[in-house]
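Each chain, written out:
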Amino acid sequence: MTDKSVVVVGGGYGGAKVAKLLDDVADVTLVEPKDAFVHSTGALRAAVDPAWEDRVFFPYDHLLARGRVVHEHAQAVGPHRVQLSATGALDADYLVLATGTAYPFPAKFIESESHLARARLARLRGVLAGADRALLVGAGPVGLELAGELSAAYPDLGITIVDQADDVLTTWDYQPELRASIRAQLEARGVVFELGSPLGYLPPQDVGEPGEFTVHTRAGGEVSGQVWFRCHGNLPVLDYLGPELAAARVGDGGLEVTGALTVVGFDTVFAIGDVTTIRESKRASAALAHAEVAAANIRALIEGREPTATYAPAPEIIVLPLGPDGGGSQLVGDDGERRILGPEQTSELKGADLHTGVLTELFGRPAAS
Ligand SMILES: Cc1cc2nc3c(=O)[nH]c(=O)nc-3n(C[C@H](O)[C@H](O)[C@H](O)COP(=O)(O)OP(=O)(O)OC[C@H]3O[C@@H](n4cnc5c(N)ncnc54)[C@H](O)[C@@H]3O)c2cc1C
């Protein structure tokens, strides 16, 4: 191991992976306020099934053999210095920014302590058990996946999905066959789609909190319920950057990176995962692939070699479960042709285990029970 220091800010999919990959070659510090990694891919299932809570929170204690995890917020981060929220500052020869995106509960959590996140999930299940109707705002992957989980776990719950777009899954180039299949499966479970017009205003209570409401779309559609969820608005978390790095943001959005995944203008600062402006859907699988490229380049720099690894987005894919048994997927074959998979294959690919096996390997242990 060299004495070069690598500070990774954010211990989500990308940050945890890059920290692990460099643990044998550098002095690695991972800065992450949460006491356990949150597997957001499984979070929506945990919102309806308490058994799944144990498969969503992965403690960091077996992630690194030599390096350390500091459970604090990074603040005023510059290219070679990371201020910590409580215990001083860290110097960094190499910096990796991996703070992802913020998404409303229950897809992601703001709580740093997993027992508080679990308490909030338990409270939500109580709210759902007492509700007759739920409103989901947004017919993208998260809204549809949440509708799938809710309709599988609470068959008597009436669910309405509102979106200003005329169809589901319109953000990326998905095949009409996939959209039709997802919609038909949810409609067969009684889910109502109110598409083509945005809501004029939102329900008064916070997401996941109980309370009678009636809201209207701008086109005049009426939706009533007792609980609602915001299923859109994936915002990059970069508010901790100092002025030098903040200037590299594209407007209020993400960080522009080179093919080597360095932040444009900074040869020793890398950005990976959802915080980048790479033109692809924001996916854990992409964050993990970015981590491989950034780690290979940092390793090369540390060892005095030319950094040659580059990242190029792969063709868009999606694996969208609708609860444990439903869903649909769009994959791309070796021949470049797009293939649509139905519920059974989607369940085999993701719906049944929600990719928890991959994380057990990364974190060196199963999720917390
Ligand atoms: C419901 C849902 C289902 C999904 N399903 C899939 C799926 O099936 N397949 C797939 O590929 N993708 C899926 N995704 C997308 C995937 O979760 C994201 O693309 C992924 O989390 C991005 O990883 P990341 O490493 O960039 O950031 P994140 O995983 O978001 O991690 C960022 C980390 O940074 C930390 N952080 C924030 N601020 C600071 C700070 N100031 N200092 C230090 N640390 C900080 C946070 O606490 C967090 O742990 C899903 C997302 C959701 C919401």
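Residues numbered from 1 in each chain as written. Predicted model: local features only at pLDDT ≥ 70, side-chain atom pairs only at ≥ 80, totals over all residues. Heavy atoms only, no water.

(A) Geometry of the sheet that holds strand β5 (residues 68-70). Pairing in this open sheet of five strands is parallel, and the strands run β5-β2-β1-β9-β18 from one edge to the other. Each edge of the open sheet carries a strand with a single partner, namely β5 and β18 (269-271). Strand-to-strand twist of the sheet, defined as the mean angle between neighbouring strand axes without regard to direction, takes the value 20 degrees. Note: strand β1 (residues 5-9) against strand β2 (residues 27-31), five bridges, orientation parallel. Across the sheet, the residue bridging to Ser5 is Asp27, located in β2. (Pairing = 2+ DSSP bridges. Helix = DSSP H or I, 4+ residues; strand = E, 2+ residues; numbered from the N terminus. Axes fitted to C-alpha atoms, helices over the stretch in contact; angles between N-to-C directions.)

(B) Main features of unusual backbone geometry. A cis amide bond, omega 5 degrees, links Phe105 with the succeeding residue Pro106. Along the chain, Pro106 falls in the loop between β10 (101-102) and α4 (114-129). Positioned with a positive phi, Leu169 is a non-glycine residue whose angle comes to about 55 degrees. Here Leu169 shows up in the loop between β12 (158-163) and α6 (176-188).

(C) The arrangement of the site of the ligand in detail. Around the ligand, 31 residues are found, and the nearest of them are Gly14, Glu32, Asp274, Ala284 and Lys350. For the ligand, an oxygen atom lies 2.7 Å from a polar atom in the side chain of Glu32. Separating a nitrogen atom of the ligand from a side-chain N or O atom of Thr41 is a distance of 3.5 Å. Protein contact buries 89% of the 1,000 Å² of open area that the ligand shows by itself. Those elements giving two or more residues to the shell around the ligand turn out to be α1 (13-22), α2 (40-46) and α8 (284-302). For the shell around the ligand, a count of residues per class yields twelve nonpolar, twelve polar and seven charged. (Near = heavy atom within 4 Å. Polar contact = N/O pair within 3.5 Å; in protein donor to acceptor, adjacent residues only side chain to side chain. Areas by Shrake-Rupley, 256 points an atom, 1.4 Å probe, with all protein chains shown as cover. Nonpolar A, V, L, I, M, F, W, Y, C, P; charged D, E, K, R; others polar.)

(D) Spatial organisation of the domain arrangement of the protein chain. Domain boundaries assigned for the protein chain yield domain 1 (5-33 + 71-103 + 234-313) and domain 2 (114-233 + 316-358). Relative placement of domain 1 and domain 2: their C-alpha centres are 31 Å apart. Summed over both partners, the interface of domain 1 with domain 2 comes to about 660 Å²; 54% of that surface belongs to carbon and sulfur atoms. Among the residues domain 1 hides against domain 2, the three largest losses belong to Tyr103, Ser281 and Arg283. Together they make up 63% of the total. In this structure, the connection of domain 1 to domain 2 is made through zero salt bridges. Between domain 1 and domain 2 we count four residue pairs in polar contact (both at pLDDT 80 or more) in total. Residues belonging to the side of domain 1 that touches domain 2 are distributed by class as follows: three nonpolar, two polar and three charged. (Domains from an automatic or database assignment. Buried area = accessible area lost by both parts, 1.4 Å probe. Salt bridge = Lys/Arg side-chain N within 4 Å of Asp/Glu carboxyl O.)

(E) Summary view of the packing of α1 against helix α10 (residues 356-363). It is at 10 Å that the axes of α1 and α10 come closest, and there the two elements cross at 40 degrees. Relative to α10, the element α1 lies oblique. Note on packing geometry: the crossing formed by α1 with α10 is left-handed. In this structure, α1 uses Tyr13, Ala16, Lys17 and Lys20 to contact α10, whose residues at the interface are Leu359, Glu361, Leu362 and Phe363. Of the residues in the contact of α1 with α10, the class split is five nonpolar, no polar and three charged. (Parallel < 35°, antiparallel > 145°, perpendicular 65-115°, else oblique. Left-handed = near helix turned anticlockwise from the far one by under 90°. Contact = heavy atoms within 4.5 Å.)

(F) Inspection of α8 at higher detail. The terminal C-alpha atoms of α8, which comprises 19 residues, lie 27 Å apart, in line with the 27 Å expected from a rise of 1.5 Å per residue. Buried within α8 are the following residues: Ala286, Ala287, His290, Ala291, Val293, Ala294, Ala295, Asn297, Ile298, Ala300 and Ile302. Buried residues along α8 sit in contact with β1, α1, β9 (94-97) and β18. Phi turns positive, to about 75 degrees, at Gly304, one or two residues after α8. (Expected span 1.5 Å × (residues − 1). Buried < 20%, exposed > 50% of the residue type's maximum accessible area, 1.4 Å probe, protein only.)

(G) Layout of the nonpolar core. Within the largest apolar cluster, 60 residues are counted, with the highest numbers of intra-cluster contacts made by Val6, Val18, Val77, Val82, Leu95, Leu97 and Phe363. The greatest single-element share of this core, amounting to eight residues, is contributed by α8. Those residues in contact with Leu97, other than ones at most four positions away along the chain, are Val9, Val77, Tyr240, Leu241, Leu245, Leu255, Val263, Val269, Phe270, Ala271, Ile272 and Val275. The next biggest cluster of nonpolar side chains, apart from the first, holds 46 residues, and it includes Ala46, Val56, Leu178 and Leu186. (Core = buried A, V, L, I, M, F, W, Y, C linked by side-chain atoms within 4.5 Å.)

(H) Expanded view of the sheet that holds strand β8 (residues 89-91). The three strands lie next to each other as β6-β7-β8, forming an open sheet whose pairing is antiparallel. Strands with a single pairing partner mark the edges of an open sheet, and in this sheet they are β6 (74-78) and β8. Across this sheet, the average inter-strand angle for adjacent strands is 20 degrees, counted without regard to direction. Two elements, β6 and strand β7 (residues 81-84), share three bridges in a ladder whose sense is antiparallel. The residue bridging Ala74 from the neighbouring strand is Leu84, located in β7.

(I) View of the packing of aromatic side chains. Across all of its chains, the model carries seven aromatic pairs by this definition. Taking 5.7 Å as the distance between ring centres and 35 degrees as the angle between the ring planes, the aromatic pair formed by Phe57 and Phe109 counts as tilted. In this pair, Phe57 is assigned in strand β4 (residues 57-59) and Phe109 in the loop between β10 and α4, connecting sequence segments 52 residues apart. The same class applies to Phe57 and to Phe109, which are both buried. Cluster of aromatic residues (ring-pair linked, three or more members): Tyr13, Phe37, Phe58, Tyr60 and Phe363. Sitting over the face of the ring of Trp52, Arg45 holds its NZ or CZ atom 5.1 Å from the ring centroid. (Phe/Tyr/Trp six-rings, centres within 6.5 Å; stacked < 30°, edge-to-face > 60°. Lys NZ or Arg CZ within 6 Å of the ring centre and 35° of its normal.)

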